Amino acid sequence: MRVASTIAEMRAVRRSLTGGVGFVPTLGALHEGHLSLVRASVEQNARTVASVFVNPTQFGDPADFDRYPRDTDRDLELLREAGVDAVFLPPASEIYAADDSTFVEVEQVTEGLEGEHRPGHFRGVATVVTKLFNIVAPRRAYFGQKDAQQLAVLRRLVRDLHFDIEIVAMPTVREPDGLAMSSRNALLSPEQRRAAAGLYRALQRAQQLFSAGERDGERLRGVMREALGGEPLAQVDYVSVADPASLREADSAGETALASLAVRIGAVRLIDNAILTPHASREMT
Ligand code: PAF
């Protein structure tokens, strides 16, 4: 496995990789969720490139950026074991010049949810992903469904900027109690970790009600708030039931809906989501 830390090195490695390249961009502190993306890429492409870069521009709060877990040696070991051909591991100075003046702003799908609660977040994500796509030049790129709005943003970006890249979405990987895998889970104390399972229970409650025929957006949001209300350590940022394509809040849901939520447990902010369908998927039962 080759490790490149400069853009010039990464471009040289990329030129040596023949066949279609699958790309897995990450913030590092890898877990099973990331590895499921890597495995899919290794299976579906001649070559796989991953990046490990804690992108400063997508963190609004500098303390959140500083606190974000980092374990580069372990990440490289996991990527090597999973069969990755090359890793791009740049310092921030390689990606951003002090006088950078070009940024990528995706409109509409960024208006609600994370876009509303984390101003500037998607500008940071869209800008870094555009840079990484230009450097790595993949045929396919892999992202987790756990970041449902990020997926919608990146699909729009690829469409609007005419990148010849297929965005592949992979299902959320969960712990046995339903908690979605996230690098941030490592920051939870044992008590907070128990409370964090409440996010999944809230989504399950929405799915149960949806399966029973409820389509009123406010009642579906209400049942999630109620489920989270029973968890004293959980401070709700938002609960949402939205149209899965436009991500606009639904007054009355259609055949399917995107239920999502963001919750703070102590200093750790967690997000999760589920596509509500008339018949619950196995994941949501
Ligand atoms: O989902 C993530 O890990 C990040 O937002 C991404 C796509 C690697 C951009 O920094």
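Please read these numbers as outputs of a predicted model, since none were measured by experiment.

### Considerations on the overall build of the chain
And then number 1: Within the chain, the regular secondary structure consists of ten helices and nine strands.
And then number 2: At 19 Å, the chain has a C-alpha radius of gyration in line with the 19 Å of a compact globule built from 285 residues.
And then number 3: In the chain, buried positions account for 53% of the 285 residues.
And then number 4: When contacts within the chain are restricted to residue pairs at least 6 apart in sequence, long-range pairs at least 24 apart make up 72% of them.
And then number 5: When the accessible surface of the chain is summed, it comes to about 13,100 Å², and 49% of that surface belongs to carbon and sulfur atoms.
And then number 6: Of the side chains in the chain, 33 bear a positive and 39 a negative charge, and the two mean positions are spaced by 3 Å.

### Concerning unusual backbone geometry
Glycine aside, the phi torsion of most residues is negative, and most peptide linkages are trans.
And then number 1: Of note in the backbone geometry, Gln108 takes a positive phi value of approximately 60 degrees without being a glycine.
And then number 2: Mapped onto the fold, Gln108 is located in the loop between helix 5 (92-95) and helix 6 (113-117).
And then number 3: A positive phi angle, near 50 degrees, is found at Leu113, a position not held by glycine.
And then number 4: When its relative accessible area of 8% is taken as the criterion, Leu113 is described as buried.

### Topic: the pairing of strand 3 (residues 47-52)
And then number 1: Of all the six residues making up strand 3, five are buried; the element is thus mostly covered by neighbouring parts of the structure.
And then number 2: Chirality of the crossover, the property in question, places the unit of strand 2 (residues 21-26), helix 2 (residues 32-44) and strand 3 among those that are right-handed.
And then number 3: Pairing analysis gives three bridges linking strand 3 to strand 4 (residues 86-88), with the strands arranged parallel. Note on strand 4: the bridge partner recorded for Ala50 is Val87.

### Here's the deal with the site of the ligand
And then number 1: Close to the ligand lie Pro25, Thr26, Leu27, Asn55, Gln58, Val125, Val128, Phe143 and Gln150, which account for all nearby residues.
And then number 2: A distance of 2.6 Å separates an oxygen atom of the ligand from a polar atom in the side chain of Gln58.
And then number 3: Between the ligand and Gln150, the relevant distance is 2.7 Å, taken from an oxygen atom to a side-chain nitrogen or oxygen of the residue.
And then number 4: Calculation on the ligand without its partners gives an accessible area of 290 Å², and the protein chains cover 89% of this total.
And then number 5: Of the residues in the shell around the ligand, the class split is five nonpolar, four polar and no charged.

About the cut-offs
Positions within a chain are numbered from 1, following the residues in the order the chain's sequence is written. A pLDDT threshold of at least 70 governs which residues receive local features in this predicted model, and a stricter bar of 80 or more applies before side-chain atom pairs are shown or counted, although totals over entire chains, interfaces and linings include all residues. The basis for every side-chain value is the complete set of heavy atoms in the structure, and neither hydrogens nor water enter the calculation. The numbering of helices and of strands both runs from the N terminus, where a helix is a DSSP run of H or I of at least 4 residues and a strand a run of E of at least 2. Here the globule rule is a power law, 2.2 Å times the number of residues to the power 0.38, and the radius of gyration is based on C-alpha atoms. Classification of residues uses two cut-offs on accessible area relative to the type maximum, computed with a 1.4 Å probe and protein chains only: under 20% is buried, over 50% is exposed, and between them is partly exposed. Pairs of residues are marked as contacts when any of their non-hydrogen atoms sit within 4.5 Å. Here the open area of atoms and residues is found with the Shrake-Rupley method and a 1.4 Å probe, where only the protein chains shown may cover a residue. The charge count treats Lys and Arg as positive and Asp and Glu as negative. His and the chain ends do not count. Charged side chains are reduced to one point each, which is NZ for Lys, CZ for Arg, CG for Asp and CD for Glu. Crossover handedness is defined by viewing with both strands directed away from the observer: a clockwise path from the first strand over the helix to the second marks the crossover as right-handed. Here a strand pair is declared whenever DSSP counts at least two bridges between the two strands. If even one non-hydrogen atom of a residue comes within 4 Å of a molecule or strand, that residue is called near it. Here a polar contact is recorded for every N or O atom pair within 3.5 Å, except that within protein the pair must consist of a potential hydrogen donor and a potential acceptor, and residues adjacent in sequence are included only if both atoms are side-chain atoms. Under the scheme applied here, ten amino acids are nonpolar (Ala, Val, Leu, Ile, Met, Phe, Trp, Tyr, Cys and Pro), four are charged (Asp, Glu, Lys and Arg), and all others, including Gly, are polar.

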